Amino acid sequence: MTKKYSIAILLLALFCKVEWSHAQNFHVPSRGNQDVRSNFSNGNVDNSVGMHKIQSIKMDYISDNLHLSSDEADKFWPVYHQYQNELNVVLHQKRQNMLNSSKNPQDIVNDNLDYDSKILNIKKHYKDEFARILPSDKLAQFYRSERSFNDEMIKRLKYQKGTDGN
């Protein structure tokens, strides 16, 4: 099972490296204040193939770690998707805020704190939603699984960046 995830994460890291290489060589003429570096310029906060692959691998990882019953899975995954969508919207807004060079730096800092507050509220709300679906041991395992997946992704991306000589 761990070998399966190691291979999947390695493939994902390699895929991200290729995508990143293409993105670095991709030049779009500037359109005024619109930031063309963002994958989200069309308003869709989840439009990249890489993001879909990451989410799919993450869902498999979480699923394998939680050992959900079919009833739990039927209830959990729709709520999880709502949770991810709401987080992605706020994270997208926060990224856009950071890229907005026309704003006063103090306003950017204040807005980021507001986005962090929104993220915390979303997490609190969905913790309660997840607790209605999962027993406490599986809820704790869900958060551990999510954290370990993210930590592993960061570790592998740092390693990949280090081997690229950057």
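### Some points on the overall build of the protein chain
So, step 1. Of regular secondary structure, the protein chain possesses 5 helices and 0 strands.
So, step 2. The buried share of the protein chain, taken over its 166 residues, is 32%.
So, step 3. Sequence-distant contacts, at least 24 apart, represent 68% of the contacts inside the protein chain between residues at least 6 apart.
So, step 4. If you sum the accessible surface of the protein chain, you get close to 10,900 Å²; carbon and sulfur atoms cover 54% of it.

### Description of the nonpolar core
So, step 1. Of all hydrophobic cores here, the largest spans 20 residues; its most connected members are Phe76, Tyr80, Tyr83, Phe130 and Phe142.
So, step 2. Contributing elements (two or more residues each) for this core: helix H2 (49–66), helix H3 (70–99), helix H4 (105–133) and helix H5 (136–163).
So, step 3. Top element by residues in this core is H3. It accounts for 8 residues.
So, step 4. Excluding residues within four positions of it along the chain, Phe76 makes contact with Ile62, Leu66, Leu68, Phe130, Ile133, Leu134 and Phe142.
So, step 5. One finds Ile54, Ile57, Phe149 and Met153 within the second-largest nonpolar core, a separate group that totals 5 residues.

### Quick word on the confidence of the model for the protein chain
So, step 1. Within the protein chain, residue pLDDT values average 78, and 70% of them lie at 70 or more.
So, step 2. Ranking the elements of the protein chain by mean pLDDT puts helix H1 (residues 2–24) last with 49 and H4 first with 95.

### Quick word on the packing of aromatic side chains
So, step 1. Per the stated rule, a full pass over the model turns up 13 aromatic pairs.
So, step 2. Here the aromatic rings of Tyr61 and Phe149 are separated by 5.6 Å at their centres, their planes lie at 50 degrees, and the arrangement is tilted. Of this pair, Tyr61 sits in helix H2 while Phe149 sits in helix H5, and the two are 88 residues apart along the sequence.
So, step 3. Members of the aromatic cluster, each reached through a chain of ring pairs, are Phe76, Trp77, Tyr80, Tyr83, Tyr126, Phe130, Phe142 and Tyr143.

### Some words on H3
So, step 1. In this model, H3 (30 residues) spans 43 Å end to end at C-alpha, consistent with the 44 Å of a helix rising 1.5 Å per residue.
So, step 2. The sharpest bend along H3 comes to roughly 25 degrees, located at Phe76, with the proline Pro78 sitting one to four residues further on.

### Digging into the pattern of salt bridges
So, step 1. Tallied over the entire structure, the rule returns 10 salt bridges.
So, step 2. The closest approach of N and O atoms between Glu146 and Lys58, which form a salt bridge, is 3.6 Å. With Glu146 in helix H5 and Lys58 in helix H2, the pair connects residues that are 88 residues apart, well separated along the chain. The two residues Glu146 and Lys58 agree in class, both being buried.
So, step 3. Asp151 is the partner of Arg147 in a salt bridge, and the nearest nitrogen-oxygen pair spans 2.7 Å.

Definitions and cut-offs
- Residues numbered from 1 in each chain as written.
- Predicted model: local features only at pLDDT ≥ 70, side-chain atom pairs only at ≥ 80, totals over all residues.
- Heavy atoms only, no water.
- Helix = DSSP H or I, 4+ residues; strand = E, 2+ residues; numbered from the N terminus.
- Buried < 20%, exposed > 50% of the residue type's maximum accessible area, 1.4 Å probe, protein only.
- Contact = heavy atoms within 4.5 Å.
- Areas by Shrake-Rupley, 256 points an atom, 1.4 Å probe, with all protein chains shown as cover.
- Core = buried A, V, L, I, M, F, W, Y, C linked by side-chain atoms within 4.5 Å.
- pLDDT = per-residue confidence, 0-100.
- Phe/Tyr/Trp six-rings, centres within 6.5 Å; stacked < 30°, edge-to-face > 60°.
- Expected span 1.5 Å × (residues − 1).
- Bend = angle between axes of the 7 residues up to and from the residue.
- Salt bridge = Lys/Arg side-chain N within 4 Å of Asp/Glu carboxyl O.

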